[in-house]
Amino acid sequence: MVRVEHRKKSLITIPENVEDTLELLSSGDYVSDRSLSTAVYLSLKLGRPLFLEGEAGVGKTEIAKVLAETLGRRLVRLQCYEGLDVASAVYEWNYSAQMIEIRMAEAEGIGDRDRLGDDIFSDKFLIHRPLLQALDPSADGPPVLLIDELDRTDEAFEAYLLEVLSDFQITIPEIGTVRAEEPPIVIITSNRTREIHDALKRRCFYYWVDYPDAERELEILSLKAPQADARLSRQVVDFVQRLRAVDLFKVPGIAETIDWASALHQLDIIELTPEAIDDTLGVLLKYQDDIAKIRGSEAAKILDEIKSEVALAQAAT
Amino acid sequence: MLDDLAVADDTGPGKIANNIMHFARVLRMAGLPVGPGKVIEGIRAVETVGLDNRDDFYWALHAVFVNRRDQREIFDQAFHIFWRNPKLLERMASLVLPSFVDPDAQQNAEEMNRRLAEALKQDQVEMPGEGEGGQDEEDPEITIDAVMTFSANELLQKTDFEKMSSEELEAAKRAIARMRLPIMEVPIRRFRRDARGRRIDMRATLRAALRGGGATIPLQYRKRQRRHPPLVVLCDISGSMSRYSRMILHFMHAVTNDRDRVHTFLFGTRLTNVTRQLRYKDVDEALDKVAEAVDDWSGGTRIGHALHDFNTDWSRRVLGQGAVVLLITDGLDRDAADGLDKEIERLHMSSRRLIWLNPLLRYERYEPKSLGARAMLPHTDEFRSIHNLESLEQLAEALSRADGHGTFQSNSWQEAAQ
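Analysis parameters
Residues numbered from 1 in each chain as written. Chains lettered and ligands numbered in written order. Predicted model: local features only at pLDDT ≥ 70, side-chain atom pairs only at ≥ 80, totals over all residues. Heavy atoms only, no water. Helix = DSSP H or I, 4+ residues; strand = E, 2+ residues; numbered from the N terminus. Expected span 1.5 Å × (residues − 1). Contact = heavy atoms within 4.5 Å. 1 Å grid on protein atoms, 1.4 Å probe; cavity = no way out; pocket = protein on both sides within 12 Å on 5 of 7 lines; lining within 4 Å. Points joined across faces, edges and corners; volume = space filled by probe spheres on them. Nonpolar A, V, L, I, M, F, W, Y, C, P; charged D, E, K, R; others polar. Salt bridge = Lys/Arg side-chain N within 4 Å of Asp/Glu carboxyl O. Buried < 20%, exposed > 50% of the residue type's maximum accessible area, 1.4 Å probe, protein only. Pairing = 2+ DSSP bridges. Axes fitted to C-alpha atoms, helices over the stretch in contact; angles between N-to-C directions. Phe/Tyr/Trp six-rings, centres within 6.5 Å; stacked < 30°, edge-to-face > 60°. Lys NZ or Arg CZ within 6 Å of the ring centre and 35° of its normal.

Colleague: Just to check I follow, could you spell out helix H3 (residues 36-49) of chain B for this structure?
Modeller: Since the α-helix advances by 3.6 residues per turn, residues separated by three or four positions end up pointing in the same direction. In this model H3(B) runs 20 Å from its N-terminal to its C-terminal C-alpha over 14 residues, within 8% of the 20 Å that 1.5 Å per residue would give. Turning to H3(B), the residues buried within the fold contact helix H1 (18-27), helix H2 (34-46) and strand E9 (205-208) of chain A together with helix H2 (16-29) and helix H4 (54-65) of chain B. Directly after H3(B), the chain includes B:Gly50, whose backbone phi takes a positive value near 85°.

Here it is as structure tokens:
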């Protein structure tokens, strides 16, 4: 395997105050507000994990990605699921290589069991999974570790994380304790499908990521779906904002807004009409009950409200 | 910001740390889990962001002290009151604390002491071999005693909760406290070493091979672990259910403290999550907390409304891992089953098994005629009675069957009434 030489990058330092953090995030096309920037800044400065909670599709995962990109760090992502265990989250031994090693030793007639044991359980045969990767030294500085949707794992794994997140060390029985020279930047996200234990939250800075207001959402849309017409974007945002006030099983997140604007653009629609909404509602709403509720008269009603509001605003100016 | 701090800071510079500590104490009094570690962290956080900007100050403390979404409101109010004039709150706290909280706490302590004393006394009475009489003399007496308790138990088993005397109720409560709920177990994605497993445990195999010097490789096996799915209880506490729901609460308390992953909700006209309250080990303390949390005891029932709230706010959070749902209600709905069919359908679809427990089933001629009952029947996997100890025990038995699907078909409600 040919190894590509890493280009020597100048280490991007972490921001020195809240303003810089705000700027850093916006340089990565992330529209943040001051409260979120404060939480991010604290977590970067004090080396504590940042715990982000919020509904699906409000941009929690995105923060980790943007931080990795703008700080020039490696992004290590651990996607959680029920039954996640040490072998797939932390480390695993390369069994086939170990077997071959044993056979080779056997063929060469090496009978020294202790030496063979030491040899087999060495770093050479260790497969680093995300958590261990995050502790590995890196030329670009410590990586960004994203522990995504922590609420999907079981309590056992959560408890395991306690040691990792407070001391940034992992104990491998065969080798010993691996400790990070510099702690990684840790972002933990949760969709609140279940409550995370207080013991874990206590080790983190907490932030609830909410749906953005209309202005911020429009700003996000102009960055993430720039091809869409400005007037259409405005209508899309107004429509989605109003939809979030309706009693739905799952209200659309920012991700859905972006998808919808892009979809409408792809269909060459430059202005919202009741028909256009009905045809593309599946991009926005993901439950049949919700679609049935909005499709038709309800959508038309919301659309009318938006249009009359815009007309009023124009008349005023 | 600086002006405000000047007020908070009237005893000279360097007192900001002190004020943060007092602020933390206010939050603690308001019910937020703020320990000493958090205070230190809060001070560090404020040092880090500086004092130039009121918003930064606010959000720095917010990031440290707030742990859950529902704490934001409390934090916000406390922040705005406290940082205007911390001395005021301090004084108020010192005034309020001794006069209000203390006597209450004392009374509680007294009650606890009394019960503790009673418990100890009982232990002494039951201690065998205390008297001077020989073993031979005592033996027959014990046997008779056992028979009597057995027959008393037998009677207790079949008595309707509604018709029990207070003494019998006490006995029933004690029986319930001993009850366990063995829910069936389902395989999960984790593995455990097991000689009878079918998958090879490579890690163990390699270790075993090394032990033998690598000459042979004795295969080791592993098997999927099993655990019970979460249990979610939705219990009706409206007027028609009041006698039963109290007994059922005792039952739920026993179950909650027996295992993890039990979520309990009460509903009458609105839905209340009482999972945390039921976690108190002492049953009286737990039920007191429940009573505090619930406003709509013995009122009307709005089943559809309650289920709607459950579906939107909680179902994704508590039904995530294939939960078994116990719905305890008599199906008498004030809203005439408005919107109920849709909500119960969604609940049914998102749970592993939906078991409807209905105390009215004890009447032989009961027929699910009410609109609510008719809307719910097609969407229940099992339909059972819950009106005496025996039925609770049968429930425990039914839940432990792994293949318990549709043991009682929804149309065979008359058999279930037996």
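Colleague: Any chance you could explain the layout of surface pockets here in plain terms?
Modeller: Here the idea is plain: a probe the size of a water molecule rolls over the atoms and shows the empty space left. Taken as a whole, the largest pocket holds about 1900 Å³ of empty space. In this structure, the largest pocket is lined by 47 residues; those nearest its centre are A:Glu195, A:Ile196, B:His263, B:Arg276 and B:Arg279. Breaking the lining of the largest pocket down by element, the ones donating at least two residues are helix H8 (155-167) and helix H9 (198-201) of chain A together with strand E5 (262-267), strand E6 (271-273), helix H11 (275-278) and helix H13 (303-318) of chain B. For the lining of the largest pocket, the class distribution of residues is 16 nonpolar, 12 polar and 19 charged.

Colleague: What should I look at first to understand the pattern of salt bridges in this one?
Modeller: Residues and elements named next belong to chain B. Per the counting criterion, the structure on display carries 27 salt bridges over all chains. The shortest N-O distance in the salt bridge between Arg-196 and Asp-194 comes to 3.8 Å. Judged by relative accessible area, which is 70%, Arg-196 ranks as exposed.

Colleague: Just to check I follow, could you spell out the sheet that holds strand E7 (residues 324-328) of chain B for this structure?
Modeller: Two pairing modes exist for strands in a sheet, parallel and antiparallel, and in both the strands are linked by backbone hydrogen bonds. All names here are of chain B. The strand order E6-E5-E4-E7-E8-E9 describes an open sheet built from six strands, whose pairing is mixed. Each edge of the open sheet carries a strand with a single partner, namely E6 and strand E9 (382-384). The average angle at which neighbouring strand axes cross in this sheet is 20°, direction not considered. As paired strands, E7 and strand E8 (residues 353-357) are joined by five bridges and run parallel to one another. From the neighbouring strand, Val-325 faces E8, where its bridge partner is Leu-354. Sheet strands in contact with H13 are strand E4 (231-236), E5, E6 and E7, and its direction is about 160° off that of E5.

Colleague: Looking at this structure, how should I read the environment of A:Ala261?
Modeller: All names here are of chain A. Examined against the element boundaries, Ala-261 turns out to sit in helix H12 (residues 254-266). Judged by relative accessible area, Ala-261 falls into the buried class, the value being 0%. Distance in space between the C-alpha atoms of Ala-261 and Leu-232 is 7.7 Å, their sequence separation being 29 residues. When residues no more than four places from it in sequence are discounted, the contact partners of Ala-261 are Leu-221, Ala-225, Ala-228 and Val-236.

Colleague: Is there a simple way to explain the packing of aromatic side chains in this structure?
Modeller: Aromatic ring pairs: the centre-centre distance and the angle between the two ring planes describe each pair. Enumeration according to the criterion identifies 23 aromatic pairs over all chains in this entry. Following the ring pairs from residue to residue traces out a cluster consisting of A:Tyr207, B:Phe23, B:Phe57, B:Tyr58, B:Trp59, B:Phe65, B:Phe75, B:Phe79, B:Phe82 and B:Trp83. One Lys or Arg, B:Arg316, reaches over the ring of A:Phe249 and ends 4.3 Å from the middle of that ring.

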